[in-house]
Amino acid sequence: MYAAAAWAPASKKIGAQKLLNSVQRGFAQKLCKSYRTVSLHSALTLAGILPLDLRIQEAAALYETKRGSPLPELGDRETESRVGFAETPHPASHTDIRFECLEDQRQVDRHNVQEVRIFTDGSKIEGKVGAALSIWKGESEIRNQKFCLSAYCTVYQAELLAICKATGGVLKGKEKSYGLYSDSRAALETVANHSSLHPLAVESRENLRKAFIQGKDVSLFWIKAHAGLPGNERADDLAKEAALASKRKHDYDRCPISYAKNLIRSRSILLWNDRYKSGETAAVTKLFFPSAGDAYRLIRKIKPAGLLTQVLTGHGGFSQYLHRFKCRESPSCDCDPEKEQTIIHLLTECPVHDKARYDFSQRTKEIVKLDNLHELIANIFLDDFKNLEKM
Ligand SMILES: [Zn+2]
C-alpha cells in the first residue's frame, strides 16, 4: 500500500481488482485453513480481512484525512491533524521537559514545595468527554476550570487538553513556582517528547518554554490515579462534571484520527458487504453469516480453522463435496441413500447426529434449524468463547 494515495484510483478498475483478488484468495484460504476450492468471498469472510482494493482505498483516504481534507461523514468538523514540522520551534530553542512519577501521598508531600499546584484530569463518562483543572495553593483549592470536549474525542485528548490549559494558566499566573499533576503517563510523555507533533503537545511545550523565559519554575508530575490523592480525586470529579454538563459549545472538538479511521473502516465494510451479498459464491457461508459486516465483527472472536472452516464453507469431508470432485463414488449420506450428505443435512436433519443435536438443545435451549444457523453462530459461539476467556 506504499504511496496508496497516488495510485488508489487504479485499484477501482475491474482488471486490477481481478489480479488483486487472485493474489488474496490464496492468503485468505491459508488464514482460515480452508480447502483450496473455497471461494474468495467465503475465504475473506472467514479470514476476517477486507478485499485488497478496498484496503488500498482506505489507506489513500486515511492519508488524505491526515493531510486535512474533510471526511464527508464528519460534516464541517475538522480532524486533528499534526502540526507541520516547519511550524514547530527550532530545535535549538527546545527546553528539557521531564516529569517525575509519584506513587503515593508520602511522595506527593515530599515534592510539595511549589507555590501553586495544578491538578489536571480528563474523563469519559456516559459517552461524554470532559477535562478539568483544580488549582491549589497550600492545602486548599483556590480555583478550578472545566472543559467540555466533543463526544467522539478520546480521554487521551482530554488529558492533553487539561495539561495544555494548565500550562496556559502557568504562563498567565503571577506566582513564581508551579507543579503540574496528571495521572496520564501517555499524555505527559507526549508533551515531554519534542518529536511529537500533536497540536496540544506542541502548544503545551510552547507555553512551558515561554514560562521558563519568564523565569518561572515549573515541575511536571505523574501521579497514580485512584490512589486517594485529594488533588487528583478533585480533578477527576470536576472532569466528570464537565463531561456531564450539557454545554452547547465545546472547548475542543478536533476529531481524533482514530475516529476518522473507524469511519473509513465502516465505509469499506459497507462496500464489502454489498459485494458479498450480491456475489454468486459463498452460498453455505452466507447461511451462517448473511452479512459480511456482522461476520467481520464476529470472526475475530471465533477464529475458524480446520473442521469449523469446513462446516462454515461446506467444503470438507462431506460425501456430496467429495463426490463433486470425484473423490467418492456416491454423494449420499450413511443414513439414507436418497439423501445427499451436505453439511446442512448433517447439521440439521441427519439422524446419525440426533443425540448431538439433542444435547446441544438441552445445553443452549436452541434448536438447530436451517434458518437460525446465523443466530446460533452470533449467540452461542460468542457465549462459549466468553466462557473460555473467563477460564
Ligand atoms: Zn445423514
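Residues numbered from 1 in each chain as written. Predicted model: local features only at pLDDT ≥ 70, side-chain atom pairs only at ≥ 80, totals over all residues. Heavy atoms only, no water.

For the protein chain, the name recorded in an unreviewed UniProt entry is ribonuclease H, with Loxostege sticticalis as its organism. For the record of the protein chain, the UniProt heading Sequence similarities (unreviewed entry) holds the text "Belongs to the RNase H family." On record in UniProt, under Catalytic activity (unreviewed entry), the comment for the protein chain is "Endonucleolytic cleavage to 5'-phosphomonoester." (UniProt positions renumbered as here; feature names shortened; annotations may be inferred.)

Caption draft 1: Structural context of the packing of aromatic side chains. For the structure shown, the criterion picks out seven aromatic pairs. Between Tyr35 and Tyr321, the ring centres sit 5.5 Å apart and the planes meet at 75 degrees, which makes this aromatic pair edge-to-face. Of this pair, Tyr35 sits in the loop between helix 2 (14-32) and helix 3 (40-47) while Tyr321 is found in helix 14 (residues 319-324), placing the two residues 286 residues apart along the sequence. Residue classification places Tyr35 among the partly exposed residues on the basis of a relative accessible area of 30%. The ring centre of Trp222 lies 4.4 Å from the NZ or CZ of Arg185, which sits over that ring. (Phe/Tyr/Trp six-rings, centres within 6.5 Å; stacked < 30°, edge-to-face > 60°. Helix = DSSP H or I, 4+ residues; strand = E, 2+ residues; numbered from the N terminus. Buried < 20%, exposed > 50% of the residue type's maximum accessible area, 1.4 Å probe, protein only. Lys NZ or Arg CZ within 6 Å of the ring centre and 35° of its normal.)

Caption draft 2: Just helix 2, in detail. Its 19 residues place the ends of helix 2 26 Å apart at the C-alpha level, agreeing with the 27 Å of an ideal helix rising 1.5 Å per residue. At Gln24, helix 2 is deflected by roughly 25 degrees, the largest bend along its length. Those residues of helix 2 lying buried are Gln17, Gln24, Ala28, Gln29 and Cys32. In this structure, the buried side of helix 2 is in contact with helix 3, helix 4 (52-66), helix 10 (257-278) and helix 13 (306-313). Residue Lys33 follows helix 2 closely and has a positive phi angle near 55 degrees. (Expected span 1.5 Å × (residues − 1). Bend = angle between axes of the 7 residues up to and from the residue. Contact = heavy atoms within 4.5 Å.)

Caption draft 3: Main features of the packing of helix 6 (residues 155-172) against helix 7 (residues 185-192). Between helix 6 and helix 7, the shortest axis-to-axis distance is 9 Å and the interhelical angle comes to 55 degrees. Classified by the angle between their axes, helix 6 and helix 7 sit oblique to one another. Helix 6 and helix 7 meet at a crossing whose hand is right-handed. Counted together, Tyr156, Glu159, Leu160 and Ile163 of helix 6 and Ala186, Ala187, Leu188, Thr190 and Val191 of helix 7 form the full contact between these two elements. Taken together, the residues that form the contact of helix 6 with helix 7 break down as seven nonpolar, one polar and one charged. (Axes fitted to C-alpha atoms, helices over the stretch in contact; angles between N-to-C directions. Parallel < 35°, antiparallel > 145°, perpendicular 65-115°, else oblique. Left-handed = near helix turned anticlockwise from the far one by under 90°. Nonpolar A, V, L, I, M, F, W, Y, C, P; charged D, E, K, R; others polar.)

Caption draft 4: Representation of the domain arrangement of the protein chain in the model. Split into domains, the protein chain comes out as domain 1 (1-79 + 255-280) and domain 2 (85-254). Centre-to-centre separation of domain 1 and domain 2, based on C-alpha positions: 39 Å. With seven residues of domain 1 in contact, the opposing surface of domain 2 contributes six residues. Taking both partners together, domain 1 and domain 2 bury about 540 Å²; carbon and sulfur atoms supply 62% of that area. Taken together, domain 1 and domain 2 are joined by one salt bridge. For Glu78, the salt bridge identified is with Arg254, shortest N-O distance 3.8 Å. Here domain 1 is connected to domain 2 by one residue pair in polar contact (both at pLDDT 80 or more). A per-class count over the side of domain 1 that touches domain 2 returns three nonpolar, two polar and two charged. (Domains from an automatic or database assignment. Buried area = accessible area lost by both parts, 1.4 Å probe. Salt bridge = Lys/Arg side-chain N within 4 Å of Asp/Glu carboxyl O. Polar contact = N/O pair within 3.5 Å; in protein donor to acceptor, adjacent residues only side chain to side chain.)

Caption draft 5: Here's a closer look at the side chain of Gln341. Mapped onto the secondary structure, Gln341 falls in the loop between strand 8 (336-340) and helix 15 (343-348). Assessed through its relative accessible area of 10%, Gln341 is described here as buried. When near neighbours in sequence (up to four residues on either side) are disregarded, Gln341 contacts Gly317, Phe318, Ser319, Gln320, Arg328, Pro331, Ser332, Cys333 and Leu346.

Caption draft 6: Here's a closer look at the environment of Ile142. Looking at the element boundaries, Ile142 is found in strand 4 (residues 140-149). In this structure Ile142 comes out as partly exposed when scored by relative accessible area, which is 49%. Residue contacts for Ile142: discarding those within four places in its chain leaves Ile135, Trp136 and Lys137.

Caption draft 7: Layout of the side chain of Ser319. By the secondary structure assignment, Ser319 is in helix 14. Note on Ser319: relative accessible area 2%, which makes it buried. At 3.5 Å, the side chain of Ser319 forms a polar contact with the backbone oxygen of Ser332. In this view, Ser319 contacts Arg328, Ser330, Pro331, Ser332 and Gln341; residues no more than four positions away in its chain are not counted.

Caption draft 8: Spatial organisation of the coordination of the zinc ion. Surrounding the zinc ion are the protein donor atoms Cys333 (SG), Cys335 (SG), His345 (NE2) and Cys350 (SG), at 2.0 to 2.3 Å. With four donor atoms in place around the zinc ion and angles of 103 to 114 degrees between them, the coordination shape is tetrahedral. Expressed as a motif, the donor residue spacing for the zinc ion is C-x1-C-x9-H-x4-C. Within this pair, whereas Cys335 is found in the loop between strand 7 (332-333) and strand 8, its partner Cys350 is found in the loop between helix 15 and helix 16 (354-364), the two being separated by 15 residues in sequence. Judged by relative accessible area, Cys335 falls into the partly exposed class, the value being 28%. (Donors = N, O, S within 2.8 Å, 3.2 Å for Na, K, Ca; no water. Tetrahedral: all angles 85-135°; square planar, octahedral: opposite > 155°, others 65-115°.)

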